[in-house]
Structure formats: structure tokens, C-alpha cells
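# Architecture at a glance
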Amino acid sequence: MQAKEFVLTNGLPLLVVETPGLPSATVTAWVGIGSRYETKSINGLSHFLEHMVFKGGKKYSTAQKVSESLDAIGAEFNAGTSKEYTDYYVRAQVGALDHACDVLSDIVLSPLLSAVELEKERGVIIEEINMYEDTPMYRIGDIFEETIFDGNPLGWDIAGSKENIRALKRADFEEFH
């Protein structure tokens, strides 16, 4: 497999890796922002924003519309946040790639950040934090990073603290995005 790199007219780099014989393709948006770029007061915002993107954008304005639109083409979609970046992807049949790009670009570039959805997702993220705190295999890695990166954002949990998640406001998301 050989990668080909292009630069779109808007300056966005595009990397294409052809996989002959496969009926599916994956469109991925990698955003160069992760938890290491947060301040202590907004630690967890990158991960929270990752969740919020799938709640709707300008064109696909609700989580249901995003989901139904992608389900209609048999797509798989998800995202992940790390300390360095956040990535969003849609995997679909090659023939549905234009639609996959349309949905992904809408939600990543123009998330609505609905106040109602923010409150719903706040609870989901707090439960995620609880789950990780209750799983020693995950928790030990967090403790290790807290120890070796003491006082540095690399030592902070990607999901943030429950206190931070409860305190984040819509304006924090708008400014950060």
C-alpha cells in the first residue's frame, strides 16, 4: 500500500491509501487537539467535544439524523481522543463515500453543541469516568502517567475529572472548537 498526499484548495491536507479489492473505504478527520493542549480548568473538554460532535451539525442537526443518515448507507462511525489528537471516522461502501464525507465534515466543522445534548452527554461521560476508575487495569495507567508527568497536562486523564465535566459550559466548547 502506498499513500498519496494531496492538498485541497482550502489548504486541508488529504492522504489517500488505496486498498484494491475492498468494497469499503474509511474517511477519517484527524484534529490536532487532544488533552495535552487543555488547561487544568478545562481538562476533559477534548473528549467531551468528541462526544458532542455526533450530536449533530448544521445540516444533520440531531444525533438521530446523523445516525440514521449513516445507518442508511450501512456505515460504521466512531471517534477517539488521545493526548495528542482527536480522530473521527466513517467507514462505508466505496459508492457512499461522498455521503460519508458530507456527514463527517458537517458534524466536525459545524457541531451544534445543543445545551440539552450537553447535559445528557455530561452524565454519559461521568459514567465513563466511573467505569475507568472501577477498572484497575485502566486506572493503573492513569496513576503511572500522573506520577511521571506530575503537574503536566500529559499526566492528566483524557476524560478529565468529574468536577470539570460538571463545570464545563457551552461557551467553553465554542471557544475551544
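What counts and what doesn't
Residues numbered from 1 in each chain as written. Predicted model: local features only at pLDDT ≥ 70, side-chain atom pairs only at ≥ 80, totals over all residues. Heavy atoms only, no water. Core = buried A, V, L, I, M, F, W, Y, C linked by side-chain atoms within 4.5 Å. Buried < 20%, exposed > 50% of the residue type's maximum accessible area, 1.4 Å probe, protein only. Helix = DSSP H or I, 4+ residues; strand = E, 2+ residues; numbered from the N terminus. Contact = heavy atoms within 4.5 Å. Axes fitted to C-alpha atoms, helices over the stretch in contact; angles between N-to-C directions. Parallel < 35°, antiparallel > 145°, perpendicular 65-115°, else oblique. Left-handed = near helix turned anticlockwise from the far one by under 90°. Nonpolar A, V, L, I, M, F, W, Y, C, P; charged D, E, K, R; others polar. Pairing = 2+ DSSP bridges. Lys, Arg positive; Asp, Glu negative; His and termini not counted. Salt bridge = Lys/Arg side-chain N within 4 Å of Asp/Glu carboxyl O. Phe/Tyr/Trp six-rings, centres within 6.5 Å; stacked < 30°, edge-to-face > 60°.

## Regarding the nonpolar core
- Grouped together as the largest cluster of nonpolar side chains are 32 residues, with contacts concentrated most on F48 and F173.
- Elements supplying a minimum of two residues to this core: α1 (45-53), α2 (63-71), β5 (86-93), α3 (97-109) and α4 (115-133).
- Not counting residues up to four positions away in its chain, the partners in contact with F48 are L118, E121, R122, I125, I165, L168 and F173.

## Description of the packing of α2 against α3
- Interaxial distance between α2 and α3 falls to 10 Å at its minimum, and their mutual angle equals 165 degrees. By the angle class used here, α2 and α3 are roughly antiparallel. Judged by the sense of rotation from one axis to the other, the crossing of α2 with α3 is left-handed. In this structure, α2 contributes V66, S69 and L70 to the contact, and α3 contributes H99, V103 and I107.
- Among the residues making up the contact of α2 with α3, the classes are represented as four nonpolar, two polar and no charged.

## Description of the pairing of strand β2 (residues 13-17)
- Pairing of strand β1 (residues 3-7) with β2 involves five bridges; the strand directions are antiparallel. Residue A3 lies in a different strand from β2, and its bridge partner there is V17.

## Here's the deal with the environment of V16
- Mapped onto the elements, V16 comes out in strand β2.
- V16 sits in the partly exposed class, given a relative accessible area of 28%.
- As for V16 and Q2, which are separated by 14 residues in sequence, their C-alpha atoms are 8.5 Å apart.

## Some thoughts on the side chain of D87
- Within the fold, D87 resides in strand β5.
- Although buried, D87 forms no salt bridge, and the nearest oppositely charged side chain, R91, lies 9.1 Å from it.
- Sequence-distant contacts of D87, defined by excluding residues within four places in its chain, comprise T28, A29, W30, N78, A79 and G80.

## As for the pattern of salt bridges
- For the structure on display, the rule yields 13 salt bridges.
- One salt bridge connects R91 with E76, and the closest N-O pair in it is separated by 2.8 Å. Highlighted residues: R91 in strand β5 and E76 in strand β4 (residues 76-81), separated in sequence by 15 residues.
- Overall, E76 belongs to the partly exposed group, its relative accessible area being 37%.
- The partner of K83 in a salt bridge is E145, with the nearest N and O atoms 3.3 Å apart. Of this pair, K83 sits in the loop between β4 and β5 while E145 sits in helix α5 (residues 136-148), and the two are 62 residues apart along the sequence.
- K83 sits in the buried class, given a relative accessible area of 13%.
- Bridged by salt links that share partners, the residues K55, E117, K120 and E121 form one connected network.

## Considerations on the packing of aromatic side chains
- Applying the stated rule across the entire model yields five aromatic pairs.
- Joined through ring pairs, the aromatic side chains of F54, F77 and Y88 make up one cluster.

Don't take any of this as a statement about function, it's just geometry.
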